[in-house]
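Structure at a glance
As a plain string of letters, each chain reads:
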Amino acid sequence: MHHRALVAELCRRCAEEDDLELPPSCRHPSSSAIEETKKLGFSRLLQVQERPHRNVKPTNNDSDNHYYRQMASLLLRSTSFFFSPLPQSNPINLKTPSQFSSFLHSHSHSHTQYKLSIKLNHHHALLPPLLQSTLSHDHQYPLLLDALSASLRFSPHLASAVHAALLKLQEHPTPHLFTALLLAYLKLNLLPAAHRLFLSLPSPPNVVVYSALISAFSKSNNHHHRHHALLFFLHMVHSDVLPNDYAFVAVLTACIQTQNLQFGQQLHAAIVKTGYLDSAFVANALMGLYGKCGGRYSLVLKLFDDMLQRDIASWNTVISVAVKEFMYDDALSLFREMQATDDLRVDDFTLSTLLAACSRSASVVEGFQVHTHAIKVGWGNNLSVGNALIGFYTKWGTIDDVVDLFEEMNERDVITWTEMVAAYMEFGFVDLAMEVFDEMPERNVVSYNALLSGFCKNGEGLKALDLFSKMVEEGMELTDFSLTSAVNACSLLGDYWVSRQVHGFALKFAFGSNACVEAALLDMYTRSGRMGDARKMFCRWELEEFISVVCTSMICGYARNGQLDEAISLIQQSQSEGKMIMDEVAATSMLGICGTIGCHDMGKQIHCHAVKFGYESNIGVGNAVVSMYFKCGNVDDAIGMFNGMPSTDIVSWNTLISGHLLQRQGDKALEVWSDMQKKGIKPDQVTFVLVISAYRLTSLNLVDDCHRLFNLLRNEYQVEPTCEHYSSFISVLGQWGLLEEAEETIKTMPFEPSASVWRALLDSCRLHKNTIIGNRAAKHILAMEPKDPSTYILISNLYSASARWHLSEMVRKDMKEKGFHKHPAQSWIICQNKIHSFYARDRSHPQEKDIYSGLEILILECLKAGYEPDTSFVLHEVEEYQKKDFLFCHSAKLAATYGILMSKPGKPIRIVKNILLCGDCHTFLKYIDSAANILKRLKTFGT
């Protein structure tokens, strides 16, 4: 049907349905009727639209005009009426003009069978004559523009058809039509088509078109499109089109997306020059630029302070930047200032950001206050706030708190369900996490990644790899995080061949060029002990942006695998060549390495670097500094650092407790625990493992107190005891000689005891020379871990301590036959940035003659001062005088002697061991101070 005849037919049908009177010629369509209807439908519309108020209810005198105005307007706004016949199989039953109006509005934007869409395959030829006839009357442009703006933006096919029709017109159309079409392309996210149309525009576009172009291209996921947004802005400026506030905000968004801080700074100058800095809209975008590109928190604060007018977005921006830069106290202070100075109600973004700040900064009380405030102002049931609350209570609440929040939420999305999976994984409930995952109504790659990382966090490397295999088989989208989790799972399993397969998969599917995946693969090889493969990857590394990360991984790998000289050498080389950027992450890792190898001087230098560049306020860096000082024996600086930290979390308190335990200061560790309770710090599972262990190192027997605490774990602290808790508790009982009670406790455990629990009992039996219970414990350990050399060593030492030498020799012979090897005890000391290692009776050092001569002097002087050798620590069947010879040549004594000879008077000597210091060496080192002065006077080689 011709489009004009269709207009007449539609008008006639609608009039009949609504009992409206039409001219006689319109009741039976003919050529004249079509022309008359066309005239009525368009000309009368123009007359009515000239009125100042289009929505005025028509009077009886202009009801006819109102009818035609409404009819023609709706027809034009659904352009598809001109090109698509109405469905014949489903008749439309409309009784009133209002019903017809509602029908057009609802179906012009939907995908139902009544959708008013263009059938391009059959009717695309009708567009050119329609546009040509419209162009012949200039007064009809507003009608066509209305139709384009209302219809083109919902149909890419219609937009393309109109574009093609415009190009076929004999007379050149007005630029307004091209502008409407360009905006439609942008609305439909057809950016390449919009770009091509922009290049062919008959006249220069205005600032509105430029702003729309820049905004659409800046929000694209395509990296090239984001750069085009910057080029559009430059084109606008070169075309002498002055940008407005919308244009500046759009191009600032493009700078954020492309991380182009330099261009953004130039825009800042232009904004100041043109006076748009007074606009809160523009100032907010500028703060977002400096907050997301380079972390210029101080500049964000200055912009915020200079703002004449602020809106809720201004406060949200500065608070979110503070959280991003780890300035959690500042974020909470800004929120209080916001509540005190501005009459603004918070929104869901404000509350979600504040909850993130409280979660990361251990501001538990403040988090509860934010939760209360959210309920008070009516945001308690908001979806994003609820998701943030789940994250907060996952870290600082109990699993019951999280479950209650989840069940009370009226609305849930995929983020909510994913948060629940992560929460169960965080609390160690792997099975419940899997159940929630299976019940999820919708899953995305983030959900799968949460389950993957949860498996890795809970040591379930095999389950993580099974899930990853399932994702690959089902064609799931894989991200670099997915593959990184799979690589971490390989690290947990320690299986070299599985690691190689995952590496091959990464190369096959082009993940090999991904820096994150490559760095994870290198770290995987270091954790699997394959330092040769790790070194090959490191030497081939070409990506400059991640060179600092892989340097850190290699250094940690060397330290982890006992190659301490290589670790120190790489640290010095990386710093001298500028390969390592000492940011918060690198500083934390390096401090951990310095603590592991006892490199106090280098650790102190890194601490100074952190203070200089403001990293000290970072909780992770602060915790690493405290741990480093404790491991290097500098207890005073460790405590001073903890007391000076601007904010602490549960890891900080755990580090403080473990540091005292490392120094065998059980009473001080319990003092820290008491302080935690007074301040309301919520302990975690690790805290209780440490606190229970502290009762093993107290000066008094406090087993009853330890027993009481252990029984309160489940009921008062909502902590389910694990094998680690039982191992610590068994060690305490065994330390104080309660071996029978320790064995009975293991038998009554609610789950199968692990080898670590039995190993704690076996070590206690060695201490008290109880071979009966020790044998029973050894049988359980060997049944579970028959290939663990440490178990055989414990059994052998138990027999040796009980003077049952033949049994001890049989165990060691059995070890040799099975190919098991003991890692020998090693002590080392760092002098002049070089590690000097010693083993028992070691004579491989270049200065071994001077060391042994000095050691003889130290032993004589210590014996004079009251030192009595404890030969019970010599686990060999030899004569008593030979036992003393063995005892005097322990690695710690050799390292201490070398340190005294090589250090200046008054300088501390730090000795590090790969195992616990034996009791006799511990006693010997107490007497060494007085003897050291004599040795200093007698030393014959360089300082």
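Fair warning: this is a prediction, and the values are worked out from it, not measured in the lab.

**A look at the overall build of the chain**
A tally of helices and strands in the chain yields 52 helices and three strands. For the chain, the proportion of its 943 residues judged to be buried stands at 50%. Once local pairs closer than 6 in sequence are excluded, the contacts in the chain between residues at least 24 apart make up 64%. In the form shown here, the chain has an accessible surface area of approximately 46500 Å², with 52% of it arising from carbon and sulfur atoms.

**Examining helix 29 (residues 496-508)**
Compared with the 18 Å implied by 1.5 Å per residue over 13 residues, the 18 Å span of helix 29 between its first and last C-alpha is a close match. Of the positions making up helix 29, those classed as buried are Tyr 496, Ser 499, Val 502, His 503, Phe 505 and Ala 506. Considering only its buried residues, helix 29 is in contact with helix 27 (461-473), helix 28 (480-493), helix 30 (515-527) and helix 31 (531-539).

**Regarding the nonpolar core**
Core analysis: the largest hydrophobic core is formed by 224 residues, its most contacted members being Leu 289 and Leu 761. With nine residues, helix 14 (residues 245-258) is the largest single contributor of residues to this core. In terms of nonpolar packing, the next biggest core, distinct from the first, is built from 21 residues, Ile 829, Tyr 867, Leu 887 and Ile 928 among them.

**Quick word on the packing of helix 18 (residues 312-324) against helix 19 (residues 328-341)**
At a minimum axis separation of 7 Å, helix 18 and helix 19 run at an interaxial angle of 160°. In this view, helix 18 runs roughly antiparallel relative to helix 19, as classed from their interaxial angle. Crossing handedness for the pair helix 18 and helix 19: right-handed. Across from Ile 312, Trp 315, Val 318, Ile 319, Ala 322 and Val 323 in helix 18, the residues of helix 19 making contact are Tyr 328, Asp 330, Ala 331, Leu 334, Phe 335, Glu 337, Met 338 and Thr 341. Its residues placed into classes, the contact of helix 18 with helix 19 shows 11 nonpolar, one polar and two charged.

**Thoughts on the packing of aromatic side chains**
Here the structure, examined in full by the defined rule, presents 22 aromatic pairs. Centroid distance Phe 710 to Tyr 726: 5.0 Å. Interplanar angle 75°. Geometry classified as edge-to-face. Here Phe 710, found in helix 41 (residues 703-712), pairs with Tyr 726, found in helix 42 (residues 723-735); they are 16 residues apart in sequence, far enough to count as distant. Accessibility classification places Phe 710 together with Tyr 726 in one group, the buried group. With centroids separated by 5.4 Å and ring planes inclined at 75°, the aromatic side chains of Tyr 867 and Phe 924 adopt a geometry described as edge-to-face. In this pair, Tyr 867 is assigned in the loop between helix 48 (848-865) and helix 49 (880-888) and Phe 924 in helix 51 (residues 919-926), connecting sequence segments 57 residues apart. Grouping aromatic residues by their ring pairs yields a cluster made of Phe 233, Phe 248, Phe 263 and Tyr 276. Over the ring of Phe 304 we find Arg 310; its NZ or CZ atom is 4.1 Å from the centre of that ring.

**Focus: the pairing of strand 2 (residues 834-839)**
Side-chain direction in a regular strand flips from residue to residue, so the side chains alternate between the two faces of the sheet. Bridge count for strand 1 (residues 826-831) against strand 2 is six bridges, and the pairing is antiparallel. Bridge assignment links Ile 830 to a residue of strand 2, and that residue is Ile 835.

**Section: the side chain of His 836**
The residue His 836 is located in strand 2 in this model. A polar contact of 3.4 Å, which involves the side chain of His 836, links it to the side chain of Tyr 898.

**Comments concerning the pattern of salt bridges**
Evaluation of the coordinates by the stated rule reveals 13 salt bridges. Of the charged contacts, one joins Asp 306 and Lys 302 as a salt bridge, the two residues approaching to 3.1 Å between their closest N and O atoms. Of this pair, Asp 306 and Lys 302 both sit in helix 17 (residues 297-306), four residues apart, which is roughly one turn of the helix. Its salt-bridge partner being Arg 530, residue Asp 533 comes within 3.6 Å of it at the nearest N-O pair. Judged by its relative accessible area of 15%, Asp 533 is buried.

**Some details on unusual backbone geometry**
The general pattern is negative phi for most residues beyond glycine and trans for most peptide bonds. Positive phi values are uncommon outside glycine, yet Asp 240 reaches one of about 65°. Looking at the secondary structure, you find Asp 240 in the loop between helix 13 (223-238) and helix 14. The exposure class of Asp 240 is exposed, given its relative accessible area of 69%. The backbone of Phe 326 sits at a positive phi, close to 65°, despite the residue not being glycine. The class of Phe 326 is partly exposed, set by a relative accessible area of 36%.

**A word on the environment of Ser 447**
Structurally, Ser 447 is set in helix 26 (residues 445-457). Distance in space between the C-alpha atoms of Ser 447 and Thr 418 is 5.2 Å, their sequence separation being 29 residues. With residues near it in sequence (within four places) discarded, Ser 447 still touches Val 414, Thr 418, Phe 437 and Met 440. Here Thr 418 takes part through its side chain, which lies 2.9 Å from a polar atom of the side chain of Ser 447.

**So, a negative patch on the surface**
A contiguous patch of negative charge, built from Asp 400, Asp 401, Asp 404, Glu 407 and Glu 408, is present on the exposed surface. Of the residues examined, Glu 407 reaches a relative accessible area of 56% and is grouped as exposed.

**Concerning the sheet that holds strand 3 (residues 912-913)**
Pairing is antiparallel across the open sheet formed by three strands, whose spatial order is 2-1-3. This sheet does not close on itself; its edge strands, each paired only once, are strand 2 and strand 3. Relative to strand 3, strand 1 runs antiparallel, the two being bridged by two bridges. Across the sheet, the residue bridging to Ser 827 is Lys 913, located in strand 3.

**Notes on helix 35 (residues 600-612)**
Between its first and last C-alpha atoms helix 35 spans 18 Å; for 13 residues at 1.5 Å apiece the expected length is 18 Å, and the two agree. Within helix 35, the full set of buried residues consists of His 600, Met 602, Gly 603, Ile 606, His 607 and Ala 610. Buried positions in helix 35, seen along its axis, are confined to an arc of 165° and lie on one side of it. Within helix 35, the exposed residues directed more than 90 degrees away from the buried face are Gln 605 and Lys 612. Note on helix 35: the residue one or two positions beyond its end, Gly 614, has a positive phi of about 80°.

**Observations regarding the confidence of the model for the chain**
Confidence in the prediction for the chain averages 76 pLDDT; 76% of positions are at 70 or higher. Across the chain, the element-wise mean pLDDT spans from 37 in helix 6 (residues 120-123) up to 94 in helix 40 (residues 685-694). Within the model, pLDDT remains below 50 along residues 130-145, and this stretch shows 31 contacts once partners closer than five positions in the same chain are excluded. Ignoring residues within four places in sequence, the model shows residues 939-943, a span with pLDDT below 50, making 11 contacts including any to other chains.

**Regarding the side chain of Ser 314**
Secondary-structure assignment places Ser 314 in helix 18. A distance of 2.8 Å separates polar atoms of two side chains, one belonging to Ser 314 and the other to Asp 311. Apart from residues no more than four positions distant in its own chain, Ser 314 is found in contact with Asn 284, Met 287, Phe 304 and Met 307.

Reading the values: rules and limits
- By convention here, each chain's residues receive numbers from 1 onward along its written sequence.
- Totals for whole chains, interfaces and linings use all residues, but because this is a predicted model, local features are given only for residues with pLDDT of at least 70 and pairs of side-chain atoms are given and counted only at 80 or more.
- Excluded from the side-chain calculations are hydrogens and water; all other atoms, namely the structure's heavy atoms, are used.
- Counting from the N terminus, the helices are DSSP H or I runs at least four residues long and the strands are E runs at least two residues long.
- To sort residues, take the accessible area from a 1.4 Å probe on protein chains only and compare it with the maximum for the residue type: under 20% means buried, over 50% means exposed, and anything in between is partly exposed.
- Should any heavy atoms of two residues lie within 4.5 Å, those residues are counted as being in contact.
- Residue-level accessible areas treat just the shown protein chains as cover; the underlying method is Shrake-Rupley with a 1.4 Å probe.
- Expected span of a helix: the number of residues minus one, times 1.5 Å.
- Residues grouped as a nonpolar core are buried Ala, Val, Leu, Ile, Met, Phe, Trp, Tyr and Cys residues, joined through side-chain atoms within 4.5 Å.
- Axis lines are fitted to C-alpha atoms, over the contacting stretch for helices. Their N-to-C directions set the angle, which ranges from 0 to 180 degrees.
- Small angles under 35 degrees read as roughly parallel and large ones over 145 as roughly antiparallel, with 65 to 115 read as roughly perpendicular and the rest as oblique.
- What makes a crossing left-handed is the near helix being turned counterclockwise from the far one by less than a right angle; a clockwise turn instead makes it right-handed.
- Side-chain classes follow a simple rule in which Ala, Val, Leu, Ile, Met, Phe, Trp, Tyr, Cys and Pro form the nonpolar group, Asp, Glu, Lys and Arg form the charged group, and the remainder, Gly included, forms the polar group.
- Two aromatic rings, drawn from Phe, Tyr or Trp (for Trp, its six-membered ring), form a pair once their centres lie within 6.5 Å of each other, and the interplanar angle then sorts them: stacked below 30 degrees, edge-to-face above 60, tilted otherwise.
- Lysine NZ or arginine CZ positioned within 6 Å of the ring centre and within 35 degrees of the ring normal marks a charge as sitting over the ring.
- A strand pair is defined by DSSP finding two or more bridges across the two strands.
- Pairing of N or O atoms within 3.5 Å defines a polar contact, subject to two protein rules: one partner must be a possible hydrogen donor and the other a possible acceptor, and residues neighboring in sequence count only if both atoms are side-chain atoms.
- Salt bridges are counted wherever a side-chain nitrogen of Lys or Arg sits within 4 Å of a carboxyl oxygen of Asp or Glu.
- Residues enter patches when their relative accessible area tops 30% and they take part in no salt bridge; the joining distance is 9 Å for like charges and 5 Å for the nonpolar side chains Val, Leu, Ile, Met, Phe, Trp and Tyr.
- Charge counting treats Lys and Arg as positive and Asp and Glu as negative, with His and both chain ends excluded.
- Lysine's charge is taken at NZ, arginine's at CZ, aspartate's at CG and glutamate's at CD.
- When we speak of the arc, we mean the arc of directions from the helix axis to the C-beta atoms.
- The predictor's confidence in any single residue is recorded as pLDDT, a number from 0 to 100.

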